[in-house]
Every structure is written in structure tokens, then in C-alpha cells.
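# Structural description and commentary
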Amino acid sequence: MSVSFALSQERDLSVDEIKDLQREVRKLAEEKNAVILAHYYQRPEVQDVADFIGDSLELSRRAAETDADIIVFCGVRFMCETAKILNPTRKVLHPNPESGCPMADMVTAEQVRMLRQKHPDAVFVAYINTTADVKAEVDVCVTSANAPKIIKKLDAKKIVFLPDQALGGWIARQVPEKEFILWKGFCPPHFEFTAGEVMRLKERYPDAKVAVHPECHPKVIELADFVGSTSQIVRYATTVDAKRVIVITEVGLKYTLQKKNPEKEYIFPESMNYCGTVYCCTMKGITLPKVYETLRREINEVVLPEDIMERARRPIERMLQLS
Ligand code: 13P
Ligand code: SF4
């Protein structure tokens, strides 16, 4: 079947249409020497066309190392920007330029500059979930996979951490020798999960282990047997000695978990969000037809000013060296 339906008018695709479109995407990727990178929160049909699926740290590394001519980045905007900054001679395409990370937009470069004046003695650490403009203003970046390790190594007593107050608080508890000033940003989907809901799940499944992403509220983190990035959760949940694992993060991760180890049961909370389960709307804004159109027409290229790329590269590269 040829892919002739109007892809700009998105609608539910049949199983056969999805398969055809996936074949077309893979064919285009081979023809154009493109690599498709996807985050775990992507839709299953998008994950299935990716060359690599990973957490923010692994995706940054892949983007930096690839010799493909085109990187199609199925994730949110800051991830595409990081790929462009680390590998500026490649064409980086973002299948949905509207897909930003709401938390990354909770702090601006101007706000960081003002904070610098207030805390000239502090080292400024940015979560990778920040805009390129903000990265250009800080000393080092971290992801949830490497944050405590990197911050312990920094030669400074005072740390300004932005924008995620939950991740920042979790790091601060592990690095008590340093003083932390936390920006009050948060991840809207991860803040939907409540401690009450996790307690109810623990009561219902007393034999289950609990894995939590550090973007969750501190009261939720307190209930965890394991806290880590999405990839770290995948490793833990698929190998831990327990038949059931309660997983407190965006529901997209379930697809990978079930594929990697179908023997276990993965329980995700059903917090009342718009559709009865917690999901990141902007991650889900990347659809298979958008991936296809973006690669076919080579549209939605990520373009950043040279000077911002230059300045934002330093904290990201410092992170890669320190981790
Ligand atoms: P990870 O680096 O753990 O994949 O997290 C990225 C993210 O945006 C989680 O909300
Ligand atoms: Fe941003 Fe949260 Fe979505 Fe991750 S899950 S991209 S932090 S809004």
C-alpha cells in the first residue's frame, strides 16, 4: 500500500497503515542516512521505528557520536537542541516543533543572569531539561542519571540548581555537605502522582517493589525502593527480584518494560489526568505521521544561534566528561 493518505490531517491509523508507515519511515532513514532517536515516553509506534531509545543522557551521547547525516529526534525540544549543540554539522529534525518541555520553560536566561548577581559565589547547575539559552548561562548540566555523582565532584560549597525543585531536593539530600538554592520549577505530569496513591498501590500489592523518577514530589520519592532516570528504572524494574514493580513515572515507559521482561507485572498509577492516566502531552505530540513527513520533506530543522550553541556546549560537555 502506498502512503497516500493526508498525513497532515491526523487520525487514528489502522494496524496495517501503521505498519506501512513504519516501513516507509525505515526506508527513508536508510536512503537518507538518518538516525532516529527516541525517548521512552514516545508512543509505541514511534519507539518501534527508532534506531535507539534511551534516557536524556544516553540520547545526548548517541547524538554526539552519530555519523548519520540526519538526526530525527523524537522527544521534546530541549533534547533536540542538545543534539544540535553536540553535533552541529548534522541536520537535526524535530517531528513536532510545538513539543517543548513545560518545566524547561519555567526558567529563562534573564532570570539566571539575575540570580548570578545574587549568588556570585555559587556554581550554577542546570538540569538538561532547560532551553539552550539557559544552558548558555550555567557552569554545568546534569541529568537524573548522573546528577548526585557530578555535583559531589564540583569544587564549590554553594550550588544553584535549576529548574526542577524535586530533582534538586533529591540531589541535596544525597549531598548534605553542600548548600543548595533550588529554583521552583516542576514537571507537571510527575507532580500529578501523590503519596496517597502510591501508598494505596503498596497496600494492594505488598510484595511489589517501587521505582520512582526523581522528578516526583519528595513525599512520593520517600516511598521508593529505587529512584533513578528512565533507563535506570528500566534496568532496575526488569531485573529486580520481585514479580511486580510499581513504576511511578510517565506511562510511556511501560512499553519498553513489557518488551524487555514480559515475565514481570508493571503497575502504573492511574492518577486522574486528562485521560485517566498520567502522560506527558508534549512527548505524545510526536506522532508517526509527523515523523514520516518530517523525514520525507526534511522539515522542522532545529536551528540555533552560533554564539548560544558555543556557550551552551561547555556545560553539556563538562557533564559528559564528569559522568
Ligand atoms: P530521563 O533522563 O530520566 O529520561 O528523564 C527525562 C524527562 O524528561 C523525564 O521527565
Ligand atoms: Fe518535561 Fe515532565 Fe514531559 Fe519530561 S515528563 S518532558 S520533564 S514535562
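In the block above lies the structure referred to throughout.
Residues numbered from 1 in each chain as written. Chains lettered and ligands numbered in written order. Predicted model: local features only at pLDDT ≥ 70, side-chain atom pairs only at ≥ 80, totals over all residues. Heavy atoms only, no water.

## Side note on the site of ligand 2
- Around ligand 2, the neighbouring residues are Tyr41, Val76, Cys101, Pro102, Met103, Asn129, Cys187, Pro189, His190, Glu215, Cys280 and Met283.
- Partitioned by chemical class, the residues of the shell around ligand 2 number nine nonpolar, two polar and one charged. (Near = heavy atom within 4 Å. Nonpolar A, V, L, I, M, F, W, Y, C, P; charged D, E, K, R; others polar.)

## Quick notes on the nonpolar core
- Val125, Ile151, Phe161, Leu162, Ile171 and Ile248 are the most contacted members of the largest nonpolar core, which has 94 residues in total.
- A per-element tally of this core places helix α4 (residues 77-86) first, with six residues. (Core = buried A, V, L, I, M, F, W, Y, C linked by side-chain atoms within 4.5 Å. Buried < 20%, exposed > 50% of the residue type's maximum accessible area, 1.4 Å probe, protein only. Helix = DSSP H or I, 4+ residues; strand = E, 2+ residues; numbered from the N terminus.)

## A few points about the packing of helix α1 (residues 15-32) against helix α13 (residues 288-297)
- At their nearest, the axes of α1 and α13 sit 10 Å apart, and the two run at 30° to each other. Between α1 and α13, the angle falls in the class roughly parallel. Of the two elements, α1 crosses α13, and the hand of that crossing is left-handed. Touching Ile18, Leu21, Gln22, Glu24, Val25, Leu28, Ala29 and Lys32 of α1 are Leu288, Pro289, Val291, Tyr292, Leu295 and Arg296, all from α13.
- Its residues placed into classes, the contact of α1 with α13 shows 10 nonpolar, one polar and three charged. (Axes fitted to C-alpha atoms, helices over the stretch in contact; angles between N-to-C directions. Parallel < 35°, antiparallel > 145°, perpendicular 65-115°, else oblique. Left-handed = near helix turned anticlockwise from the far one by under 90°. Contact = heavy atoms within 4.5 Å.)

## With respect to the pairing of strand β5 (residues 123-127)
- The element β5 is largely enclosed, with a buried count of five among its five residues.
- In β5, alternate side chains face the same way, and those of Val123, Val125 and Tyr127 on one face and Phe124 and Ala126 on the other are all buried.
- With four bridges joining them, β5 and strand β7 (residues 158-162) adopt parallel strand pairing. The residue bridging Ala126 from the neighbouring strand is Leu162, located in β7.
- Note: β5 against strand β6 (residues 140-142), three bridges, orientation parallel. Bridge pairing links Ala126 to Cys141 in β6. (Pairing = 2+ DSSP bridges.)

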